[in-house]
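Structural overview for review
The residues making up each chain are set out below.
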Amino acid sequence: MYAVGLGTEDNPITKGMYQFALGATGATYHGAMCLVESDTKFVFNPLGGFHHAGRSHAEGFCYINDIAITIEALIRMGLRVAYIDIDVHHGNGVQNAFYETNKVLTISIHESGKTLYPWSGFEDGIGIREGRGYNVNIPLPAGTDDDVYLYAFEQIIPPLVNAFKPDIVFAEIGGDVHRDDPLAHFNVTSNGFKKAVRILKEISPKVIATGGGGYNLFKTAALWALAWAEMCGLTPHDHYAGIVGGMMYGPETQSGSLDDPPFSLDGQEKEECLKQARDVVRFIKETLFPMHGIRLH
Ligand SMILES: [Zn+2]
């Protein structure tokens, strides 16, 4: 293992890995330039979104931080960029890149670092120096379902983005929020994910989206297909669902549709989740909203 995070279990040294990481970064950068140079409103690089990579180290399956490099290029062009990270893991690499600047509004909504890698991203990480107030973490408890997720999302993200008035929104839309993801502990379904993407679209003048995590490959592919459709204003039709035994979508038990049936926690577990989410939302509203001139009500 080397000092820069290479040779670890998460970031092995494999043949062609540098070229792969460069290619992914180039694609994200190119996508962003398409937004800048044309009337295009939405671009998507499913193979980007390496939000854990640091300035000088690799971590968390990420070698080169295509997001930070691309956002840096955009702000050097004088553009205002809001970064919204809905991957289930905290976007630590992007946070660290822009922690001291007010040129990027960095928002990450994720499973709490108390229960999930990278063990960071608590609500009191709000940026320092000129960046104070421009880093927003929304940590939610393990178990979070669509209701809890969307409650926190809607309470915090639209008001901040509207106040910041970005020229471009950069969205990292990892599919590992899904309740079938084997590495994380949320209970978000395609219904919650789609709604989040719809809100993102509504509050953004232009969006560059990348993929990110997602370790149930079938569900991740379904979520990204749905996100693509949502952003393009299309309704996907499952022409093949059922006809081929559902194997197009993964194992038989999960097949049938791009969409999931609704799922909601109840009882004590729901109460506990909601309570924790409310505490985080209250903290952010009281601490950050006044810095952006957003009135509390
Ligand atoms: Zn992730």
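Presented here is an overview of the structure given in this document. All of these numbers come straight from a predicted model, not from anything done at the bench. Numbers given for residues are sequential positions, taken from 1 along each chain in its written order. Only residues with pLDDT of at least 70 get local features here, since the model is predicted, and only at 80 or more are side-chain atom pairs given and counted; chain-wide, interface and lining totals rely on the full set of residues. Side-chain descriptors were evaluated using all non-hydrogen atoms of the structure, hydrogens and water having been removed beforehand.

1. Points about the environment of V177
The cut-off we apply is this: Put simply, DSSP H or I for four residues or longer makes a helix, DSSP E for two residues or longer makes a strand, and each gets a number counted from the N terminus. In what follows, residue pairs with any heavy atoms lying within 4.5 Å of each other are defined as contacts.
Its place among the elements puts V177 in the loop between strand 5 (168-172) and helix 5 (190-203). Each C-alpha atom, one on V177 and one on A229, is 19 Å from the other, the two residues being 52 residues apart in sequence. Among all residues touching V177, those that are not within four sequence positions of it are I86, D87, V88, Y149, F186, V188 and F193.

2. Focus: the coordination of the zinc ion
What counts is decided by this rule: Coordination partners: N, O, S within 2.8 Å of the metal, 3.2 Å for Na, K and Ca; water not considered, so apparent gaps in a site are possible.
Within the first shell, the zinc ion binds the protein through D87 (OD), H89 (ND1) and D176 (OD), at distances of 2.0 to 2.1 Å. Each donor residue of the zinc ion lies on one chain, and together they are spaced D-x1-H-x86-D.

3. Section: the pairing of strand 2 (residues 81-85)
The cut-off we apply is this: Accessible area is worked out with a 1.4 Å probe on protein chains only. A residue is then buried under 20% of its type maximum, exposed over 50%, and partly exposed in between. We call a crossover right-handed when, viewed with the strands running away from us, the connection from the first strand over the helix to the second turns clockwise. Pairs of strands are assigned from DSSP output, requiring at least two bridges between the strands.
Most of strand 2 is tucked away: five of the five residues are buried. Here strand 2 shows no split at all, with V81, Y83 and D85 on one side and A82 and I84 on the other all buried. Note that the unit made of strand 2, helix 3 (residues 92-97) and strand 3 (residues 104-111) has a crossover that is right-handed. Strand direction decides the pairing type here: strand 2 and strand 5, joined by five bridges, are parallel. The residue bridging A82 from the neighbouring strand is V169, located in strand 5.

4. Topic: the pattern of salt bridges
Heads up, the rule is: What makes a salt bridge here is a side-chain nitrogen of Lys or Arg within 4 Å of a carboxyl oxygen of Asp or Glu, nothing more.
Summed over the entire model, instances satisfying the criterion amount to ten salt bridges. Here R129 and E100 are joined by a salt bridge, their closest N and O atoms 3.1 Å apart. Of this pair, R129 sits in the loop between strand 3 and strand 4 (135-140) while E100 is found in the loop between helix 3 and strand 3, placing the two residues 29 residues apart along the sequence. Between D147 and K270 there is a salt bridge; the shortest N-O distance is 2.6 Å. Separated by 123 residues along the polypeptide, D147 in helix 4 (residues 146-164) and K270 in helix 7 (residues 267-287) bring together distant segments of the chain. A relative accessible area of 45% means that D147 is categorised as partly exposed. Note on K270: relative accessible area 10%, which makes it buried.

5. Details of the side chain of H89
Test applied: For the purposes of these results, a polar contact is taken to be a pair of N or O atoms within 3.5 Å, where, inside protein, one atom must be able to donate a hydrogen and its partner to accept one; residues adjacent in sequence count only when each atom of the pair is a side-chain atom.
For H89, the position within the fold is in the loop between strand 2 and helix 3. H89 sits in the buried class, given a relative accessible area of 6%. A polar atom in the side chain of H89 sits 3.0 Å from the side chain of D176. With sequence-adjacent residues up to four places away left out, H89 is seen in contact with H51, H52, S108, H110, L116, Y117, P118, D176 and Y215.

6. Here's the deal with the environment of F42
With respect to the helices and strands, F42 occurs in strand 1 (residues 42-45). We classify F42 as buried; its relative accessible area is 15%. Sequence separation between F42 and C232 is 190 residues; the distance between their C-alpha atoms is 7.8 Å. For F42, the residues in contact, after removing those within four places along its chain, are L35, V207, A209, W228, M231 and C232.

7. Description of unusual backbone geometry
For the bond from Y117 to P118, the omega torsion is 5 degrees, close enough to zero to count as cis. Residue position: P118 is located in the loop between strand 3 and strand 4. Unlike most non-glycine residues, F61 shows phi in positive territory, near 70 degrees. Topologically, F61 is positioned in the loop between strand 1 and helix 2 (66-76). Its identity is not glycine, yet R129 carries a phi of approximately 45 degrees, on the positive side.

8. A few points about the packing of aromatic side chains
Where we set the bar: In this analysis, rings of Phe, Tyr and Trp, with Trp reduced to its six-membered ring, are considered paired at centre separations within 6.5 Å, and the interplanar angle assigns stacked below 30 degrees, edge-to-face beyond 60, and tilted for intermediate values.
Evaluation of the coordinates by the stated rule reveals ten aromatic pairs. On the numbers, 5.6 Å between centres and 50 degrees between planes, the contact of F42 with W228 is tilted. Here the residue F42 occupies a position in strand 1, and W228 occupies one in helix 6 (residues 217-232), the gap between them amounting to 186 residues. Here W228 falls in the partly exposed class, since its relative accessible area comes to 43%. Look at Y134 and F164: their rings are 6.1 Å apart centre to centre, the planes differ by 65 degrees, and that puts the pair in the edge-to-face class. Here Y134 is found in the loop between strand 3 and strand 4, whereas its partner F164 is found in helix 4, with 30 residues between them in sequence.

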